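Per-entry structural report
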Amino acid sequence: MSKKAIMNGEWCKSCQYCVKACPQSAISRGSALNKAGYEVVVLDSEACVGCGICYTVCPDYVYTIAEE
Amino acid sequence: MAKELMKGNVAAAEAAIRAGMDFFAGYPITPSTEVLEHLALRMPQENREMIQGENEIASMNMVIGAAACGARAMTASSGPGISLKAEAFSYAARSELPYVCLNVQRWGVGLGRLDSGQSDYMRETKGGGHGDYHHIVYSPSTIQELVDDIYEAWDVSEKYRCGVVVLSEGFLGQMMESVEIPPYKKREKPLGWGIDGSGKIGTRQSPDTDTLVARLRERTALIQSQMQRYENYQVEDAEYVFVAFGLPARVCRDAVDTLRAKGEKAGLIRPRLVWPYPVQAFKEVNPQVKGFISIESNDLGQMVEDVALASRVTSDKRVPVYCYAHSMGTPGVKMVMGKYMEVKNGSMKEVF
Amino acid sequence: MNVIKQAPEIMYKNNQFCAGCGHGITYRLIQEAVEELGYKDNHITVLGVGCSCNLNTLTKGDKFQCAHGRAAAVATGMKHTKKDTLIFTYQGDGDAGVIGIAETLNAAYRNEKITVITVNNSNFGMTGGQMSWTTLPEQITTTTPLGRDCAQKGYPFHLPEMIASQFTHVAYVARGAVNDSKNIRQLKKMIKNGLEAQVKEEGYSLIEVLAPCPTNWNLSPLQSLEWLEENMLKEYPIGEFKKRGV
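Here the structure is a predicted model, which means the values were calculated and not measured.

**Things to note about the environment of Gly-127 of chain B**
Residues and elements named next belong to chain B. Relative to the helices and strands, Gly-127 is located in the loop between helix H5 (121-126) and strand S7 (136-138). Given the relative accessible area of 4%, Gly-127 is considered buried. Among all residues touching Gly-127, those that are not within four sequence positions of it are Met-122 and Tyr-133.

What follows is the structure, given as structure tokens:
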């Protein structure tokens, strides 16, 4: 059982708060656009430890933290 | 039930309690303050909520909050205080909230004076706040009518989801008359709406503006057709017809009797509601009528515009419309009779 | 899959705020606290006018749109009608502290059992970035185009300090910020304290939230966090100004 962040990229507004806050540097700037036209950040699931900081700082409810 | 001698403002406040008022918020202003004072004692006795707000703006917004949650809520004030409430009236209309506002009118613009008056006719009947909305506006002439109007007010307000104004006057609020206070009553049927915190009921507002506008138009037409209320007195054969509401209407009725005794064919239309305006009343008037005379306790004449409109839409003839605007206080019978003779002998100029 | 953290389901769609806006985090914290206190099905959000209006389309829960500045008065009328319901206002600093200062202070003065949550982003956001009473010295806004000259236009306004120092009978007053995860977690505790003070009938509570406004500050979201930390946190210290039970 390991905790992981799951993304809903459609709600991302590319503010990069999660990129700045992630202690594992598991989130990085992306270039693919969502339907709203924002560049969706990219989450590296391998590096993610599911600490939930991205959930805490995200203004747009992009992240769900779950146990797999 | 036995009659009691009561002051108008006190009787009005007690009638609101009997009508099931759950919540009251207001701010002191002469000549309406006795309403607030009476309720400050009586509401806690009845285990109901009463707040002396920091001003009229907040008081009316408290009424909005209570009404949105399904309470029978009320505020009371006078001219300048009602001006401050106007913003909240518009917001209440947007949420289609029922409530009752008692306006014990005083005379004048700005601070005005503490004299009795009918200076707020225009504001109360035409809107007052921004956007399109109407209050249903009662215009009692006696303290008993004041009591009966308030007793009925929430039933009407909730039926149409429209705010109600009861248009009292300084003298009506301050004077005493014999009055029968009705028994305690509660809302007959549950509202079926009201914010309760569950997120499931709410105010049952229209979900989109198109629906809201359609409903507003439909409801306004319905009120206009269903709420035609007036008292016509000796209008069938009248040559000249007074039109007056509130205290001046009582004076006009005496004037009609005295003029009739002298052989003059005078009559009276007394609106019991001034919005919707009782256009129907004008259809019952002698088709050969020579003029309508609006008698009002304000400076410029306000209702006279509605009198002219009502006479035009109910008659093919262009009947002259006159106005005697008495300014502060209430005109006396002799004064009103004098104006009648001025109209008859051609020395008073028509307004419309 | 076992979900550990997820935005409360009552917020059923993405918010309409600008990228990097602090409102989204603030309202999520409120709804988390509401859920944890067991009031998910028994609360009312009383909305001010400004960017807070965006919540009209964000939450499925009961909400009511007030006139600008009047939310504390509307919430008062509601609380006197629904005493067992959790009722809080959600307002900007212009709404609660400028046009609505009378309603905000008078509700505190009477110690109404409501919670006022006000988001301070040092400008009038919805109308495009005008000066608010909270605008910092020298800060450029559309109505202080040369920077705020405080000698002429007044000094930054400290609403929580004012209430806590003057109305000592109120239950809870605090200021938090949404600039990093530590402060966000602290803010959550503050919001929960404020709401709990209401639930336990301790009295009035107010929480001011320092939030970035990248759009009107003309900064990127990340730059706006830095600006908040370097400027707003110095003028507006975060902390509890009136603790519960003291």
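**Comments concerning helix H12 (residues 333-344) of chain B**
Residues and elements named next belong to chain B. With 12 residues, H12 should reach 16 Å at 1.5 Å per residue; the first-to-last C-alpha distance of 17 Å fits that figure. Considered for burial, the residues of H12 that qualify are Val-336, Met-337, Lys-339, Tyr-340 and Val-343. The buried residues of H12 occupy an angular sector of 155° when the element is viewed end-on, so they sit on one face. Lining the buried residues of H12 we find strand S11 (240-243), helix H9 (246-261), strand S12 (266-271), strand S14 (291-296) and strand S15 (321-325).

**Here's the deal with the packing of aromatic side chains**
Scanning all chains against the criterion turns up 9 aromatic pairs over all chains. The interplanar angle of 5° and the centroid separation of 6.0 Å between the aromatic rings of Phe-89 of chain B and Tyr-99 of chain B together place this pair among those described as stacked. Of this pair, Phe-89 of chain B sits in helix H4 (residues 79-94) while Tyr-99 of chain B sits in the loop between H4 and strand S5 (100-107), and the two are 10 residues apart along the sequence. Note on Phe-89 of chain B: relative accessible area 1%, which makes it buried. Ring centres of Phe-242 of chain B and Tyr-340 of chain B lie 5.7 Å apart, and the angle between their planes is 55°; this geometry places the pair in the tilted category. Of this pair, Phe-242 of chain B sits in strand S11 while Tyr-340 of chain B sits in helix H12, and the two are 98 residues apart along the sequence. Taken together, Tyr-240, Phe-242 and Tyr-340 of chain B form an aromatic cluster joined through their ring pairs. Between the NZ or CZ atom of Arg-253 of chain B and the centre of the ring of Tyr-233 of chain B, over which it lies, the distance is 3.8 Å. Directly above the ring of Tyr-55 of chain A sits Arg-28 of chain C, whose terminal nitrogen or CZ lies 4.5 Å from the centroid.

**Some thoughts on the interface of chain B and chain C**
On the chain C side, the residues contacting the 27 residues of chain B number 30 residues. Both faces considered, chain B and chain C share a buried interface measuring about 2100 Å² in area, 59% of it formed by carbon and sulfur atoms. The interface formed by chain B and chain C includes 4 salt bridges. Between Glu-49 of chain B and Lys-83 of chain C there is a salt bridge, and its shortest N-O distance comes to 2.5 Å. Counting across the interface, chain B meets chain C through 10 residue pairs in polar contact (both at pLDDT 80 or more). Only strand S3 (49-52), helix H3 (56-68) and H4 of chain B provide two or more residues apiece to the side of chain B that touches chain C. Per-element tally for the side of chain B that touches chain C: the top contributor is H3 of chain B, with 8 residues. Of the residues contributing to the side of chain B that touches chain C, the split by class is 13 nonpolar, 9 polar and 5 charged.

**Looking at helix H2 (residues 33-45) of chain B**
Residues and elements named next belong to chain B. With 13 residues, H2 extends 19 Å from end C-alpha to end C-alpha; this agrees with the ideal 18 Å at 1.5 Å per step. The largest bend in H2 comes to about 35°, at Leu-39. When we look at burial in H2, the residues that qualify are Thr-33, Glu-34, Val-35, Leu-36, His-38, Leu-39, Arg-42 and Met-43. Within two residues after H2, Asn-47 carries a phi angle of roughly 60°, on the positive side.

**Points about the pattern of salt bridges**
Under the defined criterion, the tally for this structure stands at 44 salt bridges over all chains. Notably, a salt bridge pairs Arg-28 of chain C with Glu-32 of chain C, separated by 3.1 Å at the nearest N-O pair. In this pair, Arg-28 of chain C and Glu-32 of chain C both sit in helix H1 (residues 23-36), 4 residues apart, roughly one turn of the helix. Comparing Arg-28 of chain C with Glu-32 of chain C, the two get one shared label, buried. Salt bridges linked by common partners bring Glu-145, Asp-149, Glu-231, Arg-253, Arg-270 and Arg-272 of chain B together as one network.

**A word on the sheet that holds strand S10 (residues 230-233) of chain B**
Residues and elements named next belong to chain B. Read across the open sheet, the 5 strands follow the order S10-S12-S11-S14-S15; overall the sheet is mixed. The open sheet has two edge strands, S10 and S15, and neither has a second partner. Strand-to-strand twist in this sheet, taken as the mean axis angle between neighbours without regard to direction, amounts to 20°. Relative to S14, S11 runs parallel, the two sharing 4 bridges. Looking at S14, one finds that Val-243 is bridged to Ser-294.

**Considering the interface of chain A and chain C**
Across the contact, 24 residues belong to chain A and 35 residues belong to chain C. Together, the buried faces of chain A and chain C total about 2400 Å²; carbon and sulfur atoms form 59% of this surface. Of all residues in chain A, Tyr-17, Tyr-55 and Tyr-61 of chain A give up the largest surface area on contact with chain C, accounting jointly for 31% of the area buried on that side. Summed over the shared surface of chain A and chain C, the result is 0 salt bridges. Between chain A and chain C we count 17 residue pairs in polar contact (both at pLDDT 80 or more) in total. Listing elements by their share of the side of chain A that touches chain C, those giving two or more residues are strand S1 (3-7), helix H1 (17-21), helix H2 (53-57) and strand S4 (63-67) of chain A. A per-element tally of the side of chain A that touches chain C places S4 of chain A first, with 5 residues. As paired elements, S4 of chain A and strand S1 (residues 2-5) of chain C share 3 bridges and run antiparallel to each other. Within the sheet, the bridge partner assigned to Ala-66 of chain A lies in S1 of chain C and is Val-3 of chain C.

Reading guide: rules and limits
Residues numbered from 1 in each chain as written. Chains lettered and ligands numbered in written order. Predicted model: local features only at pLDDT ≥ 70, side-chain atom pairs only at ≥ 80, totals over all residues. Heavy atoms only, no water. Helix = DSSP H or I, 4+ residues; strand = E, 2+ residues; numbered from the N terminus. Buried < 20%, exposed > 50% of the residue type's maximum accessible area, 1.4 Å probe, protein only. Contact = heavy atoms within 4.5 Å. Expected span 1.5 Å × (residues − 1). Arc of directions from axis to C-beta. Phe/Tyr/Trp six-rings, centres within 6.5 Å; stacked < 30°, edge-to-face > 60°. Lys NZ or Arg CZ within 6 Å of the ring centre and 35° of its normal. Buried area = accessible area lost by both parts, 1.4 Å probe. Salt bridge = Lys/Arg side-chain N within 4 Å of Asp/Glu carboxyl O. Polar contact = N/O pair within 3.5 Å; in protein donor to acceptor, adjacent residues only side chain to side chain. Nonpolar A, V, L, I, M, F, W, Y, C, P; charged D, E, K, R; others polar. Bend = angle between axes of the 7 residues up to and from the residue. Pairing = 2+ DSSP bridges. Axes fitted to C-alpha atoms, helices over the stretch in contact; angles between N-to-C directions.

Functional significance is not addressed by these values, which are geometric in nature.
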